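Observations on chain architecture
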Amino acid sequence: MPKDRPRQLSTAEERRDTVLRTAIGAFAARGYFGTTTAEVAKAAGISQAYVYRLFPNKELLFVAVVEHCFVQVRASLERAAAEARGSSPEVVLSVMGDAYAKLISDNDLMLIQLHAQAAAVSEPAVREAVRQGYARLVEYVRGASGGSERQIQDFFAVGMLCHLIVSMGADEVEAPWTRTLAAGITHY
């Protein structure tokens, strides 16, 4: 680095974003219970003490990761709804479903969702983050699509089935049961 340029230090917010992005990959790979803050710190190139300065404990770090992923899902659904070539619930839900299927082809995001659901069973703060994330998504999808209760329920049910199909690699198995589960389900 030239001597005439002052060294730029990253801000706490930039470090927080770096830790968050790093934690997504770590938690996606090993889950909430299998990931340590030491691993996240090492991958982010900072000390574990600094991770704790940004996120007081692993639970709050994981909750921040879960919330970040819900924000990504919402943004993807919003872009799809804005680009829909029609306003009927069927059209809007279809384009949002396709956008979601593309989004979860990023395995890290899908894995965070799966790990969050598993951790929610025994970790109250994670459970609350998952509840709040889905509450906001359901209300957004309801408002953006104008769909009925059944249409909204079906939208989320198909999304969960898409998780299952992708996570177990059902497209790699040619069998009647995989054809049954995957019939009409778009995944990338």
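Before going into details, it helps to say that this report is about the structure given with it. Residue indices begin from 1 for each chain and proceed along its sequence in written order. For this predicted model, a pLDDT threshold of at least 70 governs which residues receive local features, and a threshold of 80 or more governs which side-chain atom pairs are given and counted, while totals over whole chains, interfaces and linings are taken from all residues. Values shown for side chains rest on all heavy atoms present in the structure; no hydrogens or waters enter the calculation.

**Here's the deal with the overall build of the protein chain**
The criterion, for reference: We count a stretch as a helix when DSSP gives it H or I for four or more residues in a row; a strand needs E for two or more, and each element gets its number in order from the N terminus. Think of it in three bands: with a 1.4 Å probe and only protein chains considered, a residue is buried below 20% of the maximum accessible area for its type, exposed above 50%, and partly exposed in between. Contacts: residue pairs with any heavy atoms within 4.5 Å of one another. Throughout, the Shrake-Rupley method with a 1.4 Å probe supplies accessible areas, and for residues the shown protein chains are the sole cover considered.
A tally of helices and strands in the protein chain yields nine helices and zero strands. Listing the helices and strands of the protein chain from first to last along the sequence gives α-α-α-α-α-α-α-α-α. Judged by the C-alpha coordinates and their principal axes, the protein chain covers about 60 × 35 × 35 Å. Relative to its 188 residues, the protein chain shows a buried fraction of 39%. A sequence separation of at least 24 residues applies to 65% of the contacts in the protein chain between residues at least 6 apart. When the accessible surface of the protein chain is summed, it comes to about 10,700 Å², and 54% of that surface belongs to carbon and sulfur atoms.

**Regarding the environment of Thr 178**
Where we set the bar: Within 3.5 Å is the distance limit for a polar contact, defined as a pair of N or O atoms, with the added protein rule that one can donate a hydrogen and the other accept it, and that residues adjacent in sequence qualify only through two side-chain atoms.
Looking at the element boundaries, Thr 178 is found in helix α9 (residues 176-182). For Thr 178, a relative accessible area of 5% translates into the label buried. In this structure the C-alpha to C-alpha distance between Thr 178 and Arg 15, which are 163 residues apart in sequence, comes to 43 Å. What Thr 178 contacts, discounting residues up to four positions off in sequence, is Ala 170 and Val 173. Here Val 173 takes part through its backbone oxygen, which lies 2.7 Å from a polar atom of the side chain of Thr 178.

**Comments concerning helix α2 (residues 37-44)**
For clarity, the threshold we go by: Taken from the helix axis, the directions to the C-beta atoms give the arc we talk about.
Listing the buried residues of α2 in full gives Thr 37, Val 40, Ala 41 and Ala 44. Taken around the axis of α2, the buried residues stretch over an arc of 100°, which confines them to a single face. With respect to the buried face of α2, the exposed residues turned more than 90 degrees away are Lys 42 and Ala 43. Residues of α2 that are buried make contact with α1 (12-34), α3 (48-54) and α4 (58-83).

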